[in-house]
Amino acid sequence: MSTFPGPLVEFPGVSVDRFDGENRENSVFFLSHCHTDHMVGLHLGALPGPLYVSEISAVILRQRYPQLEDVRTLEIGVETEVQLKNGSVRVTAIPAGHCPGSVMFLFEAPTCRVLYTGDFRLREKDVRNIRVFERIRGKLDNVYVDFNISLQKLRGFPLPEWTAKSEEHIVWLKTPAHYGSEFLFKEIHKRTRMPLHIEPWNMADYAYIPDMDGVFTVDEKQSQIHACWKPGCPVVRSSGKKVREILPTAMFWTNWKESRDFVKVTNFNIRVCYSSHSSMRELRDFITFLRPASVKLNVIQESKKTEMYNALREILAQVDADKEKEVAEDPAAETPVAEEPEIISFKSIKFRDKQDVEFSMNSEEEPDEAPAFIPKRKKR
């Protein structure tokens, strides 16, 4: 759950992922992705300035909030100059790996460089293959980072052995939100070769996302795998069906220990460890790679505030140790070299095909060299 207040203090007049209260006094707005905890205030009507989003998020926003008058899209990996009341800022949208359309925002001005991650999940290989990250490594004044800590891997998703028993055996995936489990759905469809049933109103969000073609069906009788929202469609509520409820969740494993499994079976359901947020290891790899001067948290859970800040201190201590080691090995590294201004374009970014993009459910065998984690942009 995002607790970011909205205003970006380094750039007065800019609000990110919050659109109520004092944010309505600002003039430029950014939305990292279309989850409700990041869209607070959008229901209040038109904003007093443009709202910048990814192309996929723009499609979803226009479906849900047609009253928004000035929604502008940012191309992935392309630097865009955005006008503020007092000057301008260069903004680059970077894939976040959290859900379709989710992006980070890199804000750059002559005297300040800030990265806002929103919710994200990237492997170490992904981070190292995003060229913008290599350019800004060690040069960030601040990173606003998602600190929703999750576990590292999903194991043993119990689907095929149940649906193979008979056509009367049904799986009902009970996800925690209407939107955000698309990478999970896509992988399940890929492995089972079955479309997932969802309601027609939910299908509308995916009609303009080619990457999700074929993953879903609105015919509840066409599939044994259902992701329909509570209380479920007539099929999952039928007394003649044998329904196995599966709850993808990370919260249940908050106090997980090495001796415990990643699947918990009860009389009523099966809980499976799954998260679209970074694990502690992934967060550590992300921050130690970027080596920012400062890190602030997007998400602060009051019940775990001390634990979260202790974990962050450990990571930052590692960053400092790496810097000291680098200076000791190469004293010249302590003096930064003046950089030439760089123009970011699609020609300077490697792309990977959409069918190769896998997030939290990667196979055990991974390629030695991961392709650059930038999705291919479709031609219009």
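Quick caveat, the model's predicted, so the values are computed rather than measured. (Residues numbered from 1 in each chain as written. Predicted model: local features only at pLDDT ≥ 70, side-chain atom pairs only at ≥ 80, totals over all residues. Heavy atoms only, no water.)

Caption draft 1: Examining the packing of aromatic side chains more closely. The full count for this structure, using the stated rule, is 11 aromatic pairs. One aromatic cluster is present, built from ring pairs that chain together Phe11, Phe30, Tyr52, Phe105 and Phe107. Stacked on the ring of Phe289, the Lys or Arg Arg137 has its end atom at 4.3 Å from the ring centre. Above the plane of the ring of Trp172 lies Lys174, whose end atom (NZ or CZ) is 4.6 Å from the centre. (Phe/Tyr/Trp six-rings, centres within 6.5 Å; stacked < 30°, edge-to-face > 60°. Lys NZ or Arg CZ within 6 Å of the ring centre and 35° of its normal.)

Caption draft 2: Representation of the environment of His169. Considering the arrangement of structural elements, one finds His169 in strand β10 (residues 169-173). For the pair His169 and Val236, spaced 67 residues apart in the sequence, the C-alpha separation amounts to 9.9 Å. Setting aside anything within four residues of it in sequence, one finds His169 in contact with Trp162, Thr163, Gln224 and Lys242. Among the polar contacts made by the side chain of His169, one reaches the side chain of Ser166 at a distance of 2.7 Å. (Helix = DSSP H or I, 4+ residues; strand = E, 2+ residues; numbered from the N terminus. Contact = heavy atoms within 4.5 Å. Polar contact = N/O pair within 3.5 Å; in protein donor to acceptor, adjacent residues only side chain to side chain.)

Caption draft 3: Fine view of the confidence of the model for the protein. The predicted model of the protein has a mean per-residue pLDDT of 75, with 68% of residues at 70 or higher. Here residues 337-380 is a poorly scored stretch, pLDDT under 50, and it has 84 contacts once near neighbours within four places are set aside; other chains count. (pLDDT = per-residue confidence, 0-100.)

Caption draft 4: Broad picture of the nonpolar core. In this structure, Met104, Leu115, Phe133 and Phe286 are the most contacted members of the largest nonpolar core, which totals 25 residues. Put simply, the parts of the chain that give this core at least two residues each are β7 (103-109), α3 (131-136), β9 (142-145), α7 (280-290), β17 (295-297) and α8 (305-329). Examining the composition of this core, we find that 5 residues originate from one element, α7, more than from any other. What Phe286 contacts, discounting residues up to four positions off in sequence, is Met104, Leu115, Thr117, Phe120, Val127, Phe133 and Val145. Ranked by size, the runner-up nonpolar core spans 23 residues in total, among them Phe4, Phe11, Val28 and Tyr52. (Core = buried A, V, L, I, M, F, W, Y, C linked by side-chain atoms within 4.5 Å. Buried < 20%, exposed > 50% of the residue type's maximum accessible area, 1.4 Å probe, protein only.)

Caption draft 5: Molecular detail of the environment of Met194. Tracing the backbone through its elements, the reader meets Met194 in the loop between α5 (182-192) and β11 (196-197). Here the alpha-carbon distance between Met194 and Phe216, two residues 22 residues apart in the chain, equals 8.5 Å. If sequence neighbours within four positions are ignored, Met194 has contacts with Thr163, His189, Ser223, Gln224 and Ile225.

Caption draft 6: A look at the sheet that holds strand β3 (residues 51-53). Taken together, 4 strands build an open sheet; the order of strands is β1-β2-β3-β4 and the sheet is parallel. Bordering the open sheet on either side are β1 (14-16) and β4 (71-73), each of which pairs with just one other strand. Pairwise comparison of adjacent strand axes, ignoring direction, gives a mean angle of 25° for this sheet. As defined by bridge partners, strand β2 (residues 28-30) adjoins β3 across 2 bridges and the pair is classed as parallel. (Pairing = 2+ DSSP bridges. Axes fitted to C-alpha atoms, helices over the stretch in contact; angles between N-to-C directions.)

Caption draft 7: Local environment of the side chain of Asp119. Assignment of secondary structure puts Asp119 in the loop between β8 (112-116) and α2 (124-128). By relative accessible area, Asp119 is classed as buried at 4%. For Asp119, the side chain forms a polar contact with the side chain of His33, separated by 3.3 Å. Polar contacts involving the side chain of Asp119 include one to the side chain of His38, which spans 3.0 Å.

Caption draft 8: The state of the cysteines, seen in detail. One pass over the structure, following the stated rule, counts 0 disulfides. Looking at Cys233, it has no disulfide partner, and the nearest cysteine sulfur is the one in Cys228, 3.8 Å off. (Disulfide = S-S within 2.5 Å.)

Caption draft 9: Examining α7 more closely. Where burial is concerned, most of α7 is hidden: 8 out of the 11 residues are buried. All buried positions along α7 are accounted for by Glu282, Leu283, Asp285, Phe286, Ile287, Thr288, Phe289 and Leu290. Downstream of α7 by a residue or two, Arg291 has a phi angle that is positive, lying close to 50°.

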